[in-house]
Amino acid sequence: MEAEAFVSRRTAMETPGVDSRVSSAAAGAEFRWMGNRLLDATGGFVGSLSPRMPGEPDFTPVVHRVETSVEPEIDYEGLPQGSATSTHMLAGSVAGIMEHCLMYPIDCVKTRMQSLHPEPGARYRNVMDGLRQIVRTEGVWRPIRGVNVLAVGAGPAHALYFACYEKIKLSLSDAIHPGANSHFANGAAGCMATVLHDAIMNPAEVVKQRMQMFNSPYRGVLHCMGSLWRHDGPAAFYRSYTTQLTMNVPFQALHFMTYEYLQELLNPHRQYNPSSHVVSGALAGAIAAAVTTPLDVCKTLLNTQEAQAIHVMQAEAATAAVGTAAGSRHISGLTEACRTVYRMGGVPAFFKGVQARIIYQMPSTAISWSVYEFFKYIITKRQHERRLRGDGDK
């Protein structure tokens, strides 16, 4: 559109000596004359008329251009330089705590449903049946027993998790496809971030799952930690670490690649869009959870060290006349866990609790991503406003 607009014929005819072409602040706007001053529809001053030199028309319009400043759209994906890491860590920490705390009752049922040899009082048809039975027989607070240790671990774990993911994703994407999204970079960043996340979360997971089991002998979190330390030593807190990494690395790689792919479809401009974050997070979590359920069953066995499973392992070792294994009191390692799961239930045992795991992960990842993106947007917006105020004061 041309910078100059035409004043209406009526105005030009009623004002002799005025050239019909007059610069205006916006094309198509209405103007009126008052004396030798040109005013807009709201009465604001736009221009004036000044005499010309002899031999030229009596008047010429002198129009003052009206500058309108438009505040640039906030790009919350491109965070302010120097504050990106702290922003990701704070947003990730809040997202992790909310995710785990809100979904903890479902996680409690999932842990029990993955038991290879559940007690008669801990056999549930589905997630809702499990929650009803736990509340009815063990009290209303039983499904959230141990949530405090998970909240303490989830804060720093998710802070490192999201900060590491965003930093590595940006670096790898620039190296592989500058200026474009890379699925390989997303997956690799998710895998590397998982190593740090699980290093912090694994001890909390061990204590949490011990507290969640039916007829758990521990009075509280500190009692559980002290008992584990005295009887099994510090190694008990990381007995399932390699298995958890084996599960979470493919889980997070698939999770992040699916999420970023869905964001390209649902939110191609990468603006803050809560509905797209919820849908992408939920679907990504469901797919990744279903695929990695067999490894999650093995991880639960290593964390809980079910007595019945240990008896089966010891009986097999005694039958095979392997003296060293016969006296073993623990199931250790992914291979031994897989063998024990298969011995006790065959292939179907690897998918125990798959429904509960998907029901847990779908809202869990939806909450995590939506809360993370929301806080990232809010923090970035405030930093942007502070920076504008700072520039205005100069």
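Residues numbered from 1 in each chain as written. Predicted model: local features only at pLDDT ≥ 70, side-chain atom pairs only at ≥ 80, totals over all residues. Heavy atoms only, no water.

Asks: Can you help me understand empty space enclosed by the protein in this one?
Replies: Using a probe with the size of a water molecule, rolled over the atoms, empty space left in the structure can be pinpointed. Throughout the structure, instances matching the rule amount to two cavities of 30 Å³ or more. The volume enclosed by the largest cavity comes to roughly 370 Å³. For the largest cavity, the lining is made up of 26 residues, of which Glu99, His100, His197, Gln252 and Gln361 are closest to its centre. Of all the secondary-structure elements, those providing two or more residues to the lining of the largest cavity are α2 (84-102), α3 (104-113), α5 (147-176), α6 (183-212), α8 (241-266), α10 (293-304) and α14 (354-393). In terms of residue class, the lining of the largest cavity is made up of seven nonpolar, ten polar and nine charged. (1 Å grid on protein atoms, 1.4 Å probe; cavity = no way out; pocket = protein on both sides within 12 Å on 5 of 7 lines; lining within 4 Å. Points joined across faces, edges and corners; volume = space filled by probe spheres on them. Helix = DSSP H or I, 4+ residues; strand = E, 2+ residues; numbered from the N terminus. Nonpolar A, V, L, I, M, F, W, Y, C, P; charged D, E, K, R; others polar.)

Asks: What is the right way to read the environment of histidine 231 from this model?
Replies: Secondary-structure assignment places histidine 231 in helix α7 (residues 221-232). Among the polar contacts listed, one links the side chain of histidine 231 to the backbone oxygen of serine 227, at a separation of 2.9 Å. (Polar contact = N/O pair within 3.5 Å; in protein donor to acceptor, adjacent residues only side chain to side chain.)

Asks: What am I meant to see in the nonpolar core here?
Replies: Ile106, Val109, Tyr165, Trp369 and Tyr372 are the most contacted members of the largest nonpolar core, which totals 28 residues. Of all the secondary structure elements, the ones that give two or more residues to this core are α2, α3, α4 (127-138), α5, α6, α8 and α14. Ignoring any residue separated from it by four or fewer positions in sequence, one finds isoleucine 106 in contact with Val127, Leu131, Ala356, Ile359 and Tyr360. Counting residues in hydrophobic clusters, the runner-up holds 13 residues, among them Cys298, Leu301, Ala309 and Ala337. (Core = buried A, V, L, I, M, F, W, Y, C linked by side-chain atoms within 4.5 Å. Buried < 20%, exposed > 50% of the residue type's maximum accessible area, 1.4 Å probe, protein only. Contact = heavy atoms within 4.5 Å.)

Asks: What's the story with the confidence of the model for the chain in this structure? I'm lost.
Replies: A low pLDDT means the predicted coordinates there should not be read in detail. In this model, the chain carries a mean pLDDT of 78, and residues with pLDDT of at least 70 account for 74%. Of the regions scoring below 50 in pLDDT, residues 78-83 engages in nine contacts with residues more than four places distant in sequence or in other chains. (pLDDT = per-residue confidence, 0-100.)

Asks: For this particular structure, what's the right way to read α3?
Replies: Extensive coverage of α3 is indicated by the burial of ten of its ten residues. Listing the buried residues of α3 in full gives Tyr104, Pro105, Ile106, Asp107, Cys108, Val109, Lys110, Thr111, Arg112 and Met113.

Asks: Could you clarify how one ought to interpret the side chain of threonine 365 in this entry?
Replies: Checked against the element boundaries, threonine 365 lands in helix α14. Once residues lying within four places of it in the same chain are set aside, the contact partners of threonine 365 are His255, Gly281, Ala282 and Gly285.

Asks: How should the pattern of salt bridges be read in this particular structure?
Replies: Across all of its chains, the model carries 15 salt bridges by this definition. The salt bridge partner of lysine 299 is aspartate 296, with a shortest N-O separation of 3.4 Å. Of this pair, lysine 299 and aspartate 296 both sit in helix α10, three residues apart, which is roughly one turn of the helix. Across this residue pair, the class does not change: lysine 299 and aspartate 296 are buried. (Salt bridge = Lys/Arg side-chain N within 4 Å of Asp/Glu carboxyl O.)

Asks: Help me understand helix α13 (residues 334-345) in this model?
Replies: When the terminal C-alpha atoms of α13 are compared, their 16 Å separation across twelve residues agrees well with the 16 Å that a helix rising 1.5 Å per residue should span. Along α13, the positions that sit buried rather than exposed are Glu336, Ala337, Thr340 and Val341. Burial along α13 is one-sided: seen end-on, the buried residues are contained in an arc of 135°. Of the residues in α13, the exposed ones pointing more than 90 degrees away from the buried face are Thr335 and Arg343. Downstream of α13 by one or two residues, glycine 346 has phi in the positive range, about 70°. (Expected span 1.5 Å × (residues − 1). Arc of directions from axis to C-beta.)

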